[in-house]
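As a plain string of letters, each chain reads:
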Amino acid sequence: MWRLSPASFEAVSLIRKCLTTSAEPSFSLSIPLLNLLRACKTVKNLKQVHTHIIQKGYEQDHFIINQFISLCNTFSSDVSYATSVFERVMQPNVYVWNTLIKGYSKHSSFADCFLILKQMKRNMNVVPDKYTFPSLVKSCSSALALRDGQAIHGLIVRYGTDSDVFVGSSLIDLYGKCNQIEYARRIFNEMPLRNEVTWTAMVVGYIYFGDLSQAWKLFDEMPHKNIASWNAMISAFVKFGDLLSARKLFDSMPGKDVVSFTTIIDGYAKAGDMASARFLFDQSFDRDIISWSALISGYAQNGQPNEALKIFHEMLSMNVRPDEFIMVSLMCACSQLGRLDLANWVEHYMSQNSFDLNQVHVVAALVDMNAKCGNMERATMLFEGMPKRDLVSYCSMIQGLSIHGCGSQAVVFFDRMLNEGFVPDDVSLKVILTACSRAELVKEGCRIFNLMINKYPAKPSPDHYACVVDLIGRSGKLKDAYELIRSMPIEPHAGAWGALLGACKPHCDIEVGEQVSHRLFELEPQNTGNYVLLSDIYAAANRWLDVALLRLKMSEKGLKKIPGCSWEYKSVAQDNYDIGGREYGSGGSQDFGCLWSHFLIF
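The model shown is predicted, which means the values in this text are computed figures rather than measured ones.

A. View of the overall build of the protein chain. Summing up its helical and strand segments, the protein chain has 34 helices and zero strands in all. Considering only intrachain contacts with a sequence separation of at least 6, the fraction spanning at least 24 residues in the protein chain is 63%. As displayed, the protein chain offers around 29,700 Å² of accessible surface, 53% of which is attributable to carbon and sulfur atoms.

B. Just the environment of Q214, in detail. Within the element layout of this structure, Q214 appears in helix 13 (residues 212-221). Under the relative-accessibility criterion, Q214 is labelled partly exposed at 22%. Linking Q214 and V203, residues eleven residues apart in sequence, is a C-alpha distance of 8.0 Å. When residues no more than four places from it in sequence are discounted, the contact partners of Q214 are R185 and Y206.

C. A look at helix 28 (residues 462-474). For helix 28, spanning 13 residues, the distance from its first C-alpha to its last is 18 Å, which sits close to the expected 18 Å at 1.5 Å a residue. Counted residue by residue, helix 28 has eleven buried out of 13 residues, so it is predominantly covered. Of all the positions in helix 28, only P462, H464, Y465, A466, C467, V468, V469, D470, L471, I472 and G473 are classed as buried. Following helix 28 by one or two positions, G476 adopts a phi angle in the positive range, close to 95°.

D. Spotlight on the pattern of salt bridges. What the rule picks out here adds up to 22 salt bridges. Ionic pairing is found between R519 and E491, a salt bridge with its closest N-O pair at 3.4 Å. Of this pair, R519 sits in helix 31 (residues 510-523) while E491 sits in the loop between helix 29 (478-486) and helix 30 (494-507); the two residues are 28 residues apart in sequence, bridging distant segments of the chain. Taking the relative accessible area as the measure of exposure, R519 reaches 26% and is therefore partly exposed. For R543, the salt bridge is made with D546, and the minimal N-O distance between the two is 2.7 Å.

E. Structural context of the side chain of T198. Assignment of secondary structure puts T198 in helix 12 (residues 196-209). Take T198: its relative accessible area is 0%, and that puts it in the buried class. Other than its neighbours up to four places away in sequence, T198 contacts V165, S169, I172, F188 and M191.

F. Layout of a nonpolar patch on the surface. On the surface, L545, L549 and L552 cluster together to form a nonpolar patch covering roughly 320 Å² of accessible area. If you trace the backbone, L552 turns up in helix 33 (residues 544-556).

G. Quick peek at helix 6 (residues 94-107). For helix 6, which comprises 14 residues, the first-to-last C-alpha distance of 20 Å matches the rise-based estimate of 20 Å (1.5 Å per residue) to within 8%. Of all 14 residues in helix 6, ten are buried; the element is thus mostly enclosed. Within the span of helix 6, buried status applies to V94, V96, W97, N98, T99, L100, I101, G103, Y104 and S105. Of the surrounding elements, those touching the buried residues of helix 6 are helix 4 (62-75), helix 5 (79-87), helix 7 (110-122) and helix 8 (133-142).

H. Representation of the packing of helix 25 (residues 407-419) against helix 26 (residues 426-438) in the model. With their axes 9 Å apart at the nearest point, helix 25 and helix 26 run at an angle of 150° to one another. In terms of orientation, helix 25 and helix 26 fall into the roughly antiparallel class. Like other packed secondary-structure pairs, helix 25 and helix 26 cross with a definite hand, here left-handed. Seen from helix 25, the contacting residues are A410, V411 and F414; seen from helix 26, they are L429, I432, A435 and C436.

Reading the values: rules and limits
- Residues numbered from 1 in each chain as written.
- Predicted model: local features only at pLDDT ≥ 70, side-chain atom pairs only at ≥ 80, totals over all residues.
- Heavy atoms only, no water.
- Helix = DSSP H or I, 4+ residues; strand = E, 2+ residues; numbered from the N terminus.
- Contact = heavy atoms within 4.5 Å.
- Areas by Shrake-Rupley, 256 points an atom, 1.4 Å probe, with all protein chains shown as cover.
- Buried < 20%, exposed > 50% of the residue type's maximum accessible area, 1.4 Å probe, protein only.
- Expected span 1.5 Å × (residues − 1).
- Salt bridge = Lys/Arg side-chain N within 4 Å of Asp/Glu carboxyl O.
- Patch = residues over 30% accessible without salt bridge, like charges linked within 9 Å, V, L, I, M, F, W, Y side chains within 5 Å.
- Axes fitted to C-alpha atoms, helices over the stretch in contact; angles between N-to-C directions.
- Parallel < 35°, antiparallel > 145°, perpendicular 65-115°, else oblique.
- Left-handed = near helix turned anticlockwise from the far one by under 90°.

Encoded structure:
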């Protein structure tokens, strides 16, 4: 049987009690009506009270309507209901207008905010005041709408509210976020009164501008700091990768909140220091959903999917309901583990707990998880049903097909991606070249790499060359692969040489293997894997004396063979690796093009 909540029961009881009294408005009725509003917890409660407001004739009471619209803004992101209540007020005062504008700035576009302001200005009985403009300026700041913000600034000066501390602080925030730091500083310097909000807005402005030293200097000069000031500066150090300074500032804070802990935890997670991130997480006295998300995503993005699953289980055991961002991180962990049973459980859990599976980032993660876990049928169905596909979703499908031995289909998807007008970046090109290498699709791989050189803006990096070297080497053309490395317009890294050495082993090419391994011994003198590969090549050719001499050399250098371990790949949807190569001169590109053209016949 349906039951009212205590708050709703109290609201209904008060309504019934009030309905037995006179219908004429009176001051004695306004007090219980205000108590009735304070008891509301949902929009449904508000609608019940709204009925009473209409019956008792309080629709024109500015104070009551102002409180009502304010609660509408709190309980719902839909401004239509609050607007309908406002429109029934014949002569709303400035406070009611300001409350409506505040709701629009919070839940609607700045264009809609401007329309409300225009309506307000047409009303001859109302003049915008210092409470009108901060929310409007904030709306422009959120959208980085500099020109509209400047128009509001003109109105602020016209109505003489520019000396107000909160108006000035909002303008500093606007110009700082829009990279107009000189305007922001001019306003800051000319303000007759400043508070912690003003100083913090100016510090944040310098952070957005990229001037960390000036932000730190201003922070140091602040006469009074609140917790938002400390958090802004810690976030700045984290943003610029200075975790040492961030931690030092964090430790010296007089008081910390959940934002302080989450910011530093997220910084350590992004830097790959999950031990420090977990230590601080355990030390935090208060945790919100963002704290849990920072830790879970940190483990997932740093190749520790089992730890991510453990933290998720711990969160559920504490009755904390995950949001879609945590579920995306969990799907990333499942992708790395490749466990289809776990992937099915995650999708079932999301369906049973009313998650919106049609959100773009959620669908992309579902495609990636199903593709990596082997359910290509489900991944394809989700992919085809996406309202808008992007490079990430295409990469997920291409990598999933590659992992599960469908290299030719991966190439088909890549060509389809090009036909739909997508311009491949360095990550997507690395994914398809890796797919061609795994499937030994030499002709297709060469064609794609040739397109990369001659058509697309992404420049080949050492990682791209390593993929192509591996591709050509696997086909047995080891000398061609060797010449390719030598002709690279950028300095090859150990990955390219290592790919070629690996290709020498199945083809027992001692000549190329010796040349490549000696180069690797220079680049990676402590990497035992290179010695082991060369030893295996010697052993395959029955050159046991060379095997013995190589092992003696390893012993003299104090090198020991390291036991092998499985390799976990990262989800493309969550990858943060940088494989961008530096640009090279046209001469080098043309020389390479001549060498590369004869590979296309294979």
